[in-house]
Amino acid sequence: QVQLVESGGGLVQAGGSLRLSCAASGRTASSYAMGWFRQAPGKEREFVAAISGRGGATYYADSVNGRFTISRDNAQNTVYLQMNSLKPEDTAVYYCALTPRIDVVVVTAEEYDYWGQGTQVTVSS
């Protein structure tokens, strides 16, 4: 079993930055592909960013490309999402997810097996 715990959310002004963390525990969680998704009120969950198990490949949604950076520290079993130049439309609950595959980048929610509880990000204008 794998457990994911997000942290780092909060309230920030437009143009500001936040760094989200997702700590993974469980069997060999450190080497699996992971991703970040978000869900705003009244909207469906959407893909934000993904990273392969060894960190060699990443992929971003067009809406965050150039502003957000996904990275991982497998020694710490943690994946990060550095969010810069935040906009009010980035306001959402952010979730990390894990799939027990290694050298892939996964962008669809249905392909992930484990999810965290989410962390709220609010960007004020």
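These notes cover the structure that comes with them. All figures in this text were calculated on a predicted structure; none of them were measured in a lab. (Residues numbered from 1 in each chain as written. Predicted model: local features only at pLDDT ≥ 70, side-chain atom pairs only at ≥ 80, totals over all residues. Heavy atoms only, no water.)

## Regarding unusual backbone geometry
Quick note on the threshold: By definition, any uninterrupted DSSP run of H or I lasting at least four residues is a helix, any uninterrupted run of E lasting at least two residues is a strand, and each is numbered from the N terminus. In this scheme, a residue with accessible area under 20% of its type's maximum is buried, one over 50% is exposed, and one in between is partly exposed, where area comes from a 1.4 Å probe on protein chains only.
Even without being a glycine, Asn-77 presents a positive backbone phi close to 55°. Structurally, the position occupied by Asn-77 is in the loop between β7 (68-73) and β8 (78-83). Given a relative accessible area of 28%, Asn-77 falls into the partly exposed group. In this structure, Ser-85 is a non-glycine residue whose phi angle is positive, near 50°. Residue position: Ser-85 is located in the loop between β8 and β9 (92-99).

## A closer look at the state of the cysteines
Basically, it comes down to this: Any pair of cysteine sulfurs within 2.5 Å is marked as a disulfide.
Inspection of every chain in the model, using the stated rule, returns one disulfide. Between the sulfur of Cys-22 and that of Cys-96 lies a disulfide, 2.0 Å long from S to S. Here Cys-22 and Cys-96 share a disulfide; its torsion about the S-S bond, 55°, makes the bridge right-handed. You can see Cys-22 sitting in strand β3 (residues 18-26) and its partner Cys-96 sitting in strand β9, a full 74 residues away along the chain. The residues Cys-22 and Cys-96 share a single accessibility class, namely buried.

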